[in-house]
Amino acid sequence: MNKWVYLFKEGNADMRNLLGGKGANLAEMTNLGLPVPQGFTITTEACTQYYEDGREINDEIKAQIDEHIIKMEEITGKKFGDKQNPLLVSVRSGARASMPGMMDTILNLGLNEDVVNTIADLSKNPRWAWDCYRRFIQMYSDVVMEVGKKYFEELIDQMKEKRGVKQDVELTADDLKELAGQFKAEYKDKIGADFPDDPKEQLYGAIKAVFRSWDNPRANVYRRDNDIPYSWGTAVNVQSMAFGNMGDDCGTGVAFTRDPATGNKGLFGEFLTNAQGEDVVAGVRTPMPIAQMAEQFPEAYADFVKVCDVLEKHYRDMQDMEFTVENGKLYMLQCRNGKRTAQAALKIACDLVDEGMRTEEEAVAMIDPRNLDTLLHPQFDAAALKKAQPIGKGLGASPGAACGKIVFTAEDAEAWANRGEKVVLVRLETSPEDITGMKSAQGILTVRGGMTSHAAVVARGMGKCCVSGCGEIAMDEENKKFTLAGKTFHEGDFISIDGTTGNIYDGLIPTVDATIAGEFGRIMAWADKYRRLRVRTNADTPTDAKKARELGAEGIGLCRTEHMFFEEDRIAAFREMICADTAEAREKALDKILPYQQSDFKALYEALEGNPVTIRFLDPPLHEFVPHEEAEQKKLADALGKSLDEVKAIVEGLKEFNPMMGHRGCRLAVTYPEIAKMQTKAVIRAAIEVQKEHADWNVKPEIMIPLVGDIKELKYVKKFVVETADAEIEAAGVKLEYEVGTMIEIPRAALTADEIAKEADFFCFGTNDLTQMTFGFSRDDAGKFLDAYYDAKIFENDPFAKLDQDGVGKLMETALKLGKPENPKLHCGICGEHGGDPTSVEFCNKIGLDYVSCSPFRVPIARLAAAQAAIAQKA
Ligand code: PEP
Ligand code: MG
């Protein structure tokens, strides 16, 4: 029989896959002898089983849960529904990878009228007892039965109005009792049944709700963004309650052993007196800094400081902890390796090495490569920032600079961003439903909430700039406006926020590019030491190439030459070439383009300083280069001495039903060899020039033929490329080496790679097209139906962003296995978008590619991912 349920004392930190992160760490803390309210964990496998059983908890699992309720009652000395010592529990989700705020939690479970009266008597604190009950009804109705929160909030507001008070805490025990009655009536009205009194029935409802929340839309979005497989499932933790809301000698807190925004060492966090955990995380009240806790709760604080030290040394990483103080005594509710900004991640990793806690390799493995993105993106221009006067200040909750137009809802953020606007999402407080809007925004500004509020935690995880808890803002969300520093801001007004300092500025402040220095530089140097894969860049301009070099690119893996044709002075000549009636006329037009291409390539070689440069020959269908507006067509006709109708006929003739499977790639070179010849001349002449000027560089161009599907195509094109190149070299009387290789982006090429390798000096996997052709999905249109695929669980990720290892990856492996033995000198890389995606990079390392090539800003991500892959492979 499978074991589906574990007491905390039966588990440990290594059982994370089974018990989830929270469950494994509760077990570990229990083993370390820390003060943990005891309970049990229902495994992630039980969650998967629940889905397999058609969203039902089967009898075997139920029997084990029942058994563990009894064991828990024995351990705690409390009993569900008991008149002397009733057991109350929290029910919390906990997946293998932490997904803060994405799934459901229920507190104070086990309450009914009898139990409320019991705990009211026992504690001599009826106000607390009734507050717990009304919270429980509210939470249970919302989370388990999906009755909207707003109905209950309305009832609270009505009660406050009736009593003439402003704050919840001003309501009396009798008020809260009356509210609980109203809540139950509301529940019955909405659900058509009485609110459950039986703690066990409540518990099963809650467990199912947590399992179900694994599949809620925000969890699905979060998982897709964080590469967390759907198949993992979530565990459920049932833990005896500790009460932070029993009075002024109680409270609840969240703290980190190091600052999650900067990485600085030292206890960092927040504490709320007389409150439950949800109050801190939801950001409804702004809590006090943790240090202040020392004054009000000296003993619990001293204990907590000791616990922090134990946990950090034990896990050898920054810890994020949730705890409660009940009548002056500390209880640990959770610990985990804390989420942190990219900046903090780098500092903490370096500090842990310096403190002798971690090796360099471990430090490299600790950084999430995707987070580096935030460091590479612009920061405020220092000079402009100096001159700017902040109009307000919140907490610097997640660093970076953001500026854009103000929007007030997550939906607006998404809609505006989709139409190309940069927006800053301004909210009273954020809730987990806002996740897609937060993703679309440049930054997030909230009125309420501390450093550990949902907005702050999620923004840090996303690497998104966030300023939280700016209480100076007078918010009017309904009318989409707010007032700050005497000025009223409306939707669409510009604002700038600094997620490091928390400063808020009126208008737009210019931003500048970031650099790799300090701890970033140290980590990257370690990454370079441990990786095997080389990292190149996809760059078409010298500016991009230089940026990529700064970021550590070791070559150009793909220069898409067609991008050079679109510039104004060249497009005319290119159109002349397309419209030419004879090969001679075409050549004449191409002669005009040649010098441009030559100088472009020269600048690229110069930017790369002797490192390899792969130049891919013309690839897109010609239709993309001709004008489609009549006025433009008329201009072209006049320039070429043709009639408008003639030009229209040419444009019409270039139209294709499936342009991506049409007259493009090497097919262009087959029909118009003159184009490839011109490009060859430009490549070789530029190389000769640069080699002459820089004798110490090894300029060795790599000519790449796109979209080859048959060896004969490559042979045919290569023949005149080689003839042209050799003639150029001979005419110049120099020695110059060059290579001719091919992209592997058609399944047939991969399947016949043994043949192709005989003619190719290198393979470069064009996984954009290879994905398109393997799935038969249009790379330009797949977005239209991918959402439906995610919803139906057919796909978990966009195969154009994250390499499909089972299908496309298999073709890549096949191509390598077939190709390498035929040509031992063959070098192989990837230049599709996947070249900068960490899990895809890991796959490329595994199958033995020589390099990955990605856009300049992803170069550091790829370097780090390559190192992590190598380190993991070694282990
Ligand atoms: C590819 O297909 O993966 C590729 C790199 O080429 P392009 O995106 O230019 O088609
Ligand atoms: Mg391609």
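Anyway, here's the lowdown on the structure attached to this text. (Residues numbered from 1 in each chain as written. Chains lettered and ligands numbered in written order. Predicted model: local features only at pLDDT ≥ 70, side-chain atom pairs only at ≥ 80, totals over all residues. Heavy atoms only, no water.)

What the chain contains, in helices and strands, is 35 helices and 31 strands. Its C-alpha radius of gyration of 32 Å places the chain within 12% of the 29 Å reference for a compact globule of 875 residues. When burial is assessed residue by residue, the chain has 57% of its 875 residues classed as buried. Counting only contacts in the chain whose residues sit at least 6 apart along the sequence, the fraction spanning at least 24 positions is 69%. Side-chain charges in the chain split into 107 positive and 140 negative, and the spacing between the mean points of these groups amounts to 2 Å. (Helix = DSSP H or I, 4+ residues; strand = E, 2+ residues; numbered from the N terminus. Rg over C-alpha atoms; globule rule 2.2 N^0.38 Å. Buried < 20%, exposed > 50% of the residue type's maximum accessible area, 1.4 Å probe, protein only. Contact = heavy atoms within 4.5 Å. Lys, Arg positive; Asp, Glu negative; His and termini not counted. Charge placed at Lys NZ, Arg CZ, Asp CG, Glu CD.)

Turning to the coordination of the magnesium ion (ligand 2), a few remarks are in order. The protein atoms that coordinate the magnesium ion (ligand 2) are Glu745 (OE) and Asp769 (OD), at distances spanning 2.0 to 2.1 Å. With Glu745 in the loop between β28 (739-744) and α29 (747-751) and Asp769 in helix α31 (residues 767-775), this residue pair connects regions lying 24 residues apart in the sequence. Asp769 carries the same exposure label as Glu745, and that label is buried. (Donors = N, O, S within 2.8 Å, 3.2 Å for Na, K, Ca; no water.)

Now for the nonpolar core. Counting 118 residues, the largest nonpolar core has Tyr605, Ile705, Met812 and Leu849 as its most contacted members. Here this core gets 10 residues from one element, more than from any other, and that element is helix α27 (residues 673-693). Excluding its chain neighbours within four sequence positions, the residues that come into contact with Leu849 are Arg532, Leu533, Phe765, Met812, Leu816, Cys828, Gly829, Ile830 and Cys844. Within the second largest apolar cluster, 86 residues are counted, among which are Val91, Val116, Trp130 and Val210. (Core = buried A, V, L, I, M, F, W, Y, C linked by side-chain atoms within 4.5 Å.)

Before going further, it helps to examine the site of ligand 1. Near ligand 1, the surroundings consist of 14 residues, among which Arg560, Arg616, Gly766, Asn768 and Arg779 are the closest. At 3.0 Å from an oxygen atom of ligand 1 is found a main-chain nitrogen or oxygen belonging to Thr767. A distance of 2.9 Å separates an oxygen atom of ligand 1 from a polar side-chain atom of Asp769. Burial of ligand 1 by the protein chains amounts to 96% of its free accessible area of 290 Å². Among the secondary structure elements, those contributing two or more residues to the shell around ligand 1 are β25 (556-560) and α31. Tallying contributions element by element places α31 first for the shell around ligand 1, with 3 residues. Of the residues that constitute the shell around ligand 1, the class distribution is 3 nonpolar, 4 polar and 7 charged. (Near = heavy atom within 4 Å. Polar contact = N/O pair within 3.5 Å; in protein donor to acceptor, adjacent residues only side chain to side chain. Areas by Shrake-Rupley, 256 points an atom, 1.4 Å probe, with all protein chains shown as cover. Nonpolar A, V, L, I, M, F, W, Y, C, P; charged D, E, K, R; others polar.)

Pairing is antiparallel in the open sheet, where 5 strands are placed in the order β8-β7-β6-β9-β10. Two strands in the sheet have a free side with no partner beyond their single neighbour: β8 (288-289) and β10 (329-337). In this sheet, strand β9 (residues 319-326) lies alongside strand β6 (residues 251-258) in antiparallel orientation, the contact comprising 6 bridges. Considered in β9, the bridge of Gly251 is made with Val325. (Pairing = 2+ DSSP bridges.)

Attention now moves to the packing of helix α23 (residues 583-608) against α27. Contact geometry of α23 with α27 gives a least axis separation of 7 Å together with a crossing angle of 35°. Two packed elements cross with a definite hand, and for α23 against α27 that hand is right-handed. Of the residues contributing to the contact of α23 with α27, the split by class is 13 nonpolar, 3 polar and 9 charged. (Axes fitted to C-alpha atoms, helices over the stretch in contact; angles between N-to-C directions. Left-handed = near helix turned anticlockwise from the far one by under 90°.)

Remember, this is a structural readout, not a statement about activity or role.
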